[in-house]
Amino acid sequence: MKKILCLLVVLSFALPVWAGDNSSVVMNVKTYIYHDPNCRWAKKCTKNCVKTTKQKAQAQGARACKVCGG
Ligand SMILES: [Zn+2]
């Protein structure tokens, strides 16, 4: 039973990555928050931000911005 639970936990983490969203986002590599490219915070952030995809940002443990929702 424990093995099944473990597998379910792993799957629930892995699934969002598999079904990942390839839309482009701007990720702040200091705060690990990603933004929609049109977000006002994304436009302000030039130094620590890199263009990536939502999928990759999430894979690196980044969170969605609270303002634009990523
Ligand atoms: Zn944002």
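Right above here is the structure, for reference.
Residues numbered from 1 in each chain as written. Predicted model: local features only at pLDDT ≥ 70, side-chain atom pairs only at ≥ 80, totals over all residues. Heavy atoms only, no water.

Enquirer: Even after reading the chapter, I still don't get the state of the cysteines, so can you show me in this structure?
Expert: Here is the idea: a disulfide is a covalent bond, and it sits between the sulfur atoms of two cysteines. Applying the stated criterion to the full structure yields one disulfide. Each sulfur of the disulfide joining Cys-45 and Cys-49 lies 1.8 Å from the other. Measuring the twist about the S-S bond at about 105°, one finds the Cys-45-Cys-49 disulfide to be right-handed. Assessed through its relative accessible area of 15%, Cys-45 is described here as buried. (Disulfide = S-S within 2.5 Å. Buried < 20%, exposed > 50% of the residue type's maximum accessible area, 1.4 Å probe, protein only.)

Enquirer: For this particular structure, what's the right way to read the coordination of the zinc ion?
Expert: Taken together, His-35 (ND1), Cys-39 (SG), Cys-65 (SG) and Cys-68 (SG) make up the protein donors of the zinc ion, found 2.1 to 2.4 Å from the metal. Coordination at the zinc ion is tetrahedral, judged from the four donor atoms that bind it and the angles of 93 to 130° they form at the metal. Cys-68 sits in the partly exposed class, given a relative accessible area of 29%. (Donors = N, O, S within 2.8 Å, 3.2 Å for Na, K, Ca; no water. Tetrahedral: all angles 85-135°; square planar, octahedral: opposite > 155°, others 65-115°.)

Enquirer: Help me out: how do you make sense of the side chain of Thr-53 in this one?
Expert: The residue Thr-53 is located in strand S3 (residues 49-53) in this model. The class of Thr-53 is buried, set by a relative accessible area of 19%. Setting aside residues up to four positions removed in sequence, Thr-53 forms contacts with Asp-21, Asn-22, Ser-23, Ser-24 and Val-25. (Helix = DSSP H or I, 4+ residues; strand = E, 2+ residues; numbered from the N terminus. Contact = heavy atoms within 4.5 Å.)

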